[in-house]
Amino acid sequence: MRKIEEQKRSDNFRKVIRESVTSATDFETDTVRSLYQWWEGFHPELPQRADFEISKHWKIASSLYLLEVLGPGRYLTRLNGETVVDIVGTSLRGHEITQQDPLPEIRLLSDYLDTLVAGKTARRCSGVADVFGKQYLTFETVDCPLTNATGDISFIIGAMSLTS
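Since the model is a prediction, treat every value here as computed from it, not as a measurement.

### Quick word on unusual backbone geometry
Inference 1: Proline 44 follows histidine 43 through a cis peptide bond whose omega is 15°.
Inference 2: Among the structural elements, proline 44 can be located in the loop between α1 (30-40) and β3 (64-71).
Inference 3: The backbone phi angle of lysine 120 is positive, close to 50°, even though this residue is not glycine.
Inference 4: By secondary structure assignment, the location of lysine 120 is in the loop between α3 (104-119) and β6 (123-131).
Inference 5: Residue lysine 120 is classed as partly exposed on the basis of its relative accessible area of 42%.
Inference 6: Of note in the backbone geometry, tyrosine 136 takes a positive phi value of approximately 65° without being a glycine.
Inference 7: Look at tyrosine 136 and you get exposed, because its relative accessible area is 52%.

Structure, rendered in structure tokens:
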């Protein structure tokens, strides 16, 4: 299912398209593709948070973000790399993402993250952002759920990259 968001936002994004991942060929950048391939390598199981070691992904570390699942509609940004901050336009590290946030884009993000937790599958976003004073650059992300020892989704690891 494909969802397109085009409302006015306070971050750098002008348009966000959220959709399912069908394969690694869905991605344009090596950065995003490599995180997805790592995640997909655990199939048919889902990787646990303990399986992800940043030292093994050092080449893409600045493009990574990590969200902790606090409960339905509640997430905490634990990590967002420098590239993520540049593309988004602000650091969300330590920020709680909820459906009660005053910013509509944060509420939409919370809803989207709920679909990841419920579906227990990776999803992707793409769209248009105004970054580094340039308008209409394109970006892509992958968002991959991670489980805890009991099999519940406890974190979401993602990667973000500019495609143009």
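### Quick notes on the environment of leucine 46
Inference 1: Within the fold, leucine 46 resides in the loop between α1 and β3.
Inference 2: For leucine 46 and threonine 121, which are 75 residues apart along the polypeptide, the C-alpha to C-alpha distance reads 8.5 Å.
Inference 3: Setting aside residues up to four positions removed in sequence, leucine 46 forms contacts with Trp39, Lys120, Thr147 and Ile153.

### Points about the nonpolar core
Inference 1: Phe13, Ile97, Leu113, Phe139 and Met160 are the most contacted members of the largest nonpolar core, which has 23 residues in total.
Inference 2: At the level of secondary structure, the elements contributing two or more residues to this core comprise β2 (13-20), β3, α2 (82-88), α3, β6, β7 (134-147) and β8 (153-162).
Inference 3: Broken down by element, the residue count for this core peaks at five residues, all from α3.
Inference 4: Contact partners of phenylalanine 139, with chain neighbours within four places excluded, come to Phe13, Lys15, Val16, Ile87, Cys125, Ser126, Gly127, Val128, Ala129, Ser161, Leu162 and Thr163.
Inference 5: With 19 residues, the next largest nonpolar core counts Tyr36, Trp39, Phe52 and Phe155 among its residues.

### Observations concerning the environment of glutamate 105
Inference 1: Considering the arrangement of structural elements, one finds glutamate 105 in helix α3.
Inference 2: Its relative accessible area of 4% is what places glutamate 105 among the buried residues.
Inference 3: Considering only alpha carbons, one finds glutamate 105 and leucine 70, 35 residues apart in sequence, at a separation of 19 Å.
Inference 4: Apart from residues no more than four positions distant in its own chain, glutamate 105 is found in contact with Gln7, Lys8, Arg9, Ser10 and Asp11.
Inference 5: Polar side-chain contacts of glutamate 105 include one of 2.3 Å to the side chain of serine 10.

What counts, and where the lines are drawn
- Residues numbered from 1 in each chain as written.
- Predicted model: local features only at pLDDT ≥ 70, side-chain atom pairs only at ≥ 80, totals over all residues.
- Heavy atoms only, no water.
- Helix = DSSP H or I, 4+ residues; strand = E, 2+ residues; numbered from the N terminus.
- Buried < 20%, exposed > 50% of the residue type's maximum accessible area, 1.4 Å probe, protein only.
- Contact = heavy atoms within 4.5 Å.
- Core = buried A, V, L, I, M, F, W, Y, C linked by side-chain atoms within 4.5 Å.
- Polar contact = N/O pair within 3.5 Å; in protein donor to acceptor, adjacent residues only side chain to side chain.

Note that all results are geometric; they support no functional claim without further evidence.
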